[in-house]
Amino acid sequence: MDLDDIASQLGVPAEDVNRVHRLAGDGPSAPLPAKADAPAILDRLAVRPDDAAEIMAGWPDPGSPLWTPELRWLLDRSIALVRADLGGYDWLSPGPELPRDRGPAWRHLYVYAYLALVEVAREYHREHGIPDAVSWATLADLGRNLAVDRRMNREGWPVMQSWLTLHARGGLYELGRLQHHRGENAIGLHIPESGPLNPEAISASLDEGRAFFPRHFPDEHYAAFACGSWLLDPQLRDYLPEDSNIIRFQSRFEIEPYEEPEGLDADVEVLRFVFRSLTTPLDQLPRDTVLQRAVVDHLTAGRHWQWRRGTFPI
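What this report covers is the structure whose coordinates are included nearby. Values in this document were obtained by computation on a predicted structure and should not be read as measured data.

1. Details of the environment of F212
Piece 1. Tracing the chain through its elements places F212 in helix 12 (residues 199-216).
Piece 2. C-alpha of F212 to C-alpha of Y173: the two residues are 39 residues apart in sequence and 9.5 Å apart in space.
Piece 3. Sequence-distant contacts of F212, that is, excluding residues within four places in its chain, are made with I130, V134, Y173, L175 and F217.

Here it is in structure tokens:
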């Protein structure tokens, strides 16, 4: 198929299609699970019934009128693109952002790619001796992110489609309360939406990580845990008590000097994670918690949040 024609039919920039073609090359794709098995797999991936129903309705059956040749090409090559970087742990976009209002095939194309990669990821996990319970807990971040995307009126997915390639490539593992992200010299920590950040749960998760990586990735050597997040912004101390879970989490880290990350707006990320909305006016956001009031008051006063990075020794 002509790449320019594919881009035109998909309504995306030609350079995005060329990138998929370049990174995927002629590498192998992977089949989706059998349609009859999909509901049970979606359940194991913590996909809610309303999201699962949409996914099943758009299933790429042979001959489905929902799936144009261009969509089928993108699905196949996106799977191959991610699979080509199996074991990688850098941020990776699986393909261009699609107009998601054109039906379930368009809305969930990268979900189908993820489903095709579940068994690829689990085989990688098995090769590293990773228990099934950790595999499924990690991969079930799909359902959590689909639920967030629905809450955000479909504003959340463009970030999530790249985020989930970490799980599909074996770059990230959910170990208790935190997600642990392989890296060069440090284990990156991410905080999923799965409950309070109580210190006992955090400490237990860190202990899991300390044991997990030497056992399953003995050739990788880490000296520190690291985290990049608005949760590490020292300005939060102006609003939250010292014994709050966020401040106690922040206190574990040595915070690095502030540098504005390229392409990242901390104000947007705070709104994304605290309110799950990027478009609600400040004066209409809820003020039910100390954190919500802090975020709104800070931004209303014309101040800005900072994305900070911190580390502490393993």
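Structure shown, so let's carry the discussion forward.
2. A look at the sheet that holds strand 2 (residues 178-181)
Backbone-to-backbone hydrogen bonds join strands into a sheet, with any given pair of strands oriented parallel or antiparallel.
Piece 1. If you trace the 6 strands from one edge of the open sheet to the other, you get 1-2-3-4-6-5, paired in mixed fashion. Looking at which strands have only one partner, the edges of the open sheet turn out to be strand 1 (172-175) and strand 5 (254-255).
Piece 2. Strand direction decides the pairing type here: strand 4 (residues 224-229) and strand 6 (residues 308-313), joined by 6 bridges, are antiparallel. Residue pairing in the sheet places A226 in a bridge with T311 of strand 6.

3. Some thoughts on the packing of helix 1 (residues 3-10) against helix 2 (residues 14-24)
Piece 1. Orientation of helix 1 relative to helix 2, taken along the N-to-C sense of each, is 125 degrees, at an axis distance of 8 Å. One finds that helix 1 runs oblique with respect to helix 2. Viewed along their axes, helix 1 and helix 2 form a crossing whose handedness is right-handed. Across the interface between the two elements, L3, D4, I6, A7 and L10 from helix 1 touch A14, V17, N18 and H21 from helix 2.
Piece 2. Of the residues that constitute the contact of helix 1 with helix 2, the class distribution is 6 nonpolar, 2 polar and 1 charged.

4. Digging into helix 2
Piece 1. Along helix 2, the residues that are buried comprise V17, V20 and A24. Buried positions in helix 2, seen along its axis, are confined to an arc of 55 degrees and lie on one side of it. Every exposed residue of helix 2 that faces more than 90 degrees away from the buried side is listed here: E15 and R22.
Piece 2. At its buried positions, helix 2 is contacted by helix 1 and helix 5 (69-84).
Piece 3. Among the residues trailing helix 2, G25 stands out with phi positive, at a value near 55 degrees.

5. Some details on the nonpolar core
Side chains that are nonpolar tend, in soluble globular proteins, to be buried together.
Piece 1. Judged by nonpolar contacts, the single largest core of 55 residues is most densely connected at I55, L115 and L142.
Piece 2. Top contributing element to this core by residue count: helix 7 (residues 109-127), with 12 residues.
Piece 3. Leaving out residues up to four positions away in the same chain, L115 has contacts with P33, I41, L42, L45, I55, W59 and L142.
Piece 4. Counting residues in hydrophobic clusters, the runner-up holds 38 residues, among them Y124, L178, F217 and V274.

6. Points about the environment of V12
Piece 1. Locating V12 in the fold gives a position in the loop between helix 1 and helix 2.
Piece 2. Look at V12 and you get buried, because its relative accessible area is 9%.
Piece 3. Once you skip the residues sitting within four places of it in the chain, V12 turns out to touch A7, V17, P96, E97 and L98.

7. Some words on the pattern of salt bridges
Piece 1. Throughout the structure, instances matching the rule amount to 26 salt bridges.
Piece 2. A salt bridge links E54 to R107; the nearest nitrogen and oxygen atoms lie 3.4 Å apart. One end of the pair, E54, is in helix 4 (residues 49-57); the other, R107, is in helix 6 (residues 104-107), and 53 residues separate them in sequence. Across the pair, R107 and E54 agree in class, each one buried.
Piece 3. D141 is the partner of R144 in a salt bridge, and the nearest nitrogen-oxygen pair spans 2.5 Å. Here R144 and its partner D141 are both found in helix 9 (residues 141-151), 3 residues apart, which amounts to about one turn of the helix.
Piece 4. Residue R144 is classed as partly exposed on the basis of its relative accessible area of 21%.
Piece 5. Exposure remark for D141: the relative accessible area of 2% places this residue in the buried category.

Calculation notes
- Residues numbered from 1 in each chain as written.
- Predicted model: local features only at pLDDT ≥ 70, side-chain atom pairs only at ≥ 80, totals over all residues.
- Heavy atoms only, no water.
- Helix = DSSP H or I, 4+ residues; strand = E, 2+ residues; numbered from the N terminus.
- Contact = heavy atoms within 4.5 Å.
- Pairing = 2+ DSSP bridges.
- Axes fitted to C-alpha atoms, helices over the stretch in contact; angles between N-to-C directions.
- Parallel < 35°, antiparallel > 145°, perpendicular 65-115°, else oblique.
- Left-handed = near helix turned anticlockwise from the far one by under 90°.
- Nonpolar A, V, L, I, M, F, W, Y, C, P; charged D, E, K, R; others polar.
- Buried < 20%, exposed > 50% of the residue type's maximum accessible area, 1.4 Å probe, protein only.
- Arc of directions from axis to C-beta.
- Core = buried A, V, L, I, M, F, W, Y, C linked by side-chain atoms within 4.5 Å.
- Salt bridge = Lys/Arg side-chain N within 4 Å of Asp/Glu carboxyl O.

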